[in-house]
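Okay, here's what each chain looks like letter by letter:
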Amino acid sequence: YYHAPGDDGRSTAYVGQSRDGARFAVLGTALAPGAPGDFDAGGIGARHVVRVADGFLMAYEGDARGSSTGIGLARSTDGRRFERIRG
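Criteria and thresholds
Residues numbered from 1 in each chain as written. Predicted model: local features only at pLDDT ≥ 70, side-chain atom pairs only at ≥ 80, totals over all residues. Heavy atoms only, no water. Helix = DSSP H or I, 4+ residues; strand = E, 2+ residues; numbered from the N terminus. Rg over C-alpha atoms; globule rule 2.2 N^0.38 Å. Pairing = 2+ DSSP bridges. Buried < 20%, exposed > 50% of the residue type's maximum accessible area, 1.4 Å probe, protein only. Salt bridge = Lys/Arg side-chain N within 4 Å of Asp/Glu carboxyl O.

Draft legend 1. A look at the overall build of the protein chain. Helix and strand content of the protein chain: zero helices and seven strands. Each helix and strand of the protein chain, ordered N terminal to C terminal, gives the series β-β-β-β-β-β-β. On C-alpha atoms alone, the protein chain measures out to a radius of gyration of 13 Å, which is about the 12 Å that the 2.2 N^0.38 rule sets for 87 residues. Dimensions of the protein chain along its principal axes, counting C-alpha atoms only, are 40 × 30 × 15 Å.

This is the structure:
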């Protein structure tokens, strides 16, 4: 898992895979920035993913376009596509 600028310039979390630890293939977007007004609307920063009984959890840093940052939590059943846990 890593973050890089997405098509719109906002930092996005991606999934990558490597067989040798030197060259990576992008497998897709793990978590895109939130909607306008969300705490992570400016982008997704540092993240950590752990495996749990029913899938994966991602704790991540969200950027609210320069005004503040916060910590979010997202879940995934396959480790590739994550959905925010609201509330």
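Draft legend 2. Spatial organisation of the pairing of strand β1 (residues 2–5). Sheet topology places β1 next to strand β2 (residues 11–17); four bridges connect them, and they run antiparallel. For A4, the partnering residue across the bridge sits in β2 and is T12. Remark: five residues form the turn of the hairpin made by β1 and β2, two consecutive strands paired antiparallel; G9 in that turn has positive phi of roughly 90°.

Draft legend 3. Focus on the pairing of β2. When you tally the buried positions in β2, you get five out of seven residues, the bulk of the element. Sheet topology note: the β2/strand β3 (residues 25–31) ladder contains five bridges and is antiparallel. Across the sheet, the residue bridging to G16 is V26, located in β3.

Draft legend 4. The arrangement of the pattern of salt bridges in detail. Summed over the entire model, instances satisfying the criterion amount to four salt bridges. One salt bridge in this structure joins R10 and D8, with 2.8 Å as the shortest N-O distance. R10 sits in the buried class, given a relative accessible area of 16%. For R86, the salt bridge identified is with D38, shortest N-O distance 3.6 Å. Here the residue R86 occupies a position in the segment after β7 (83–84), and D38 occupies one in the loop between β3 and β4 (43–52), the gap between them amounting to 48 residues. Residue classification places R86 among the exposed residues on the basis of a relative accessible area of 58%.

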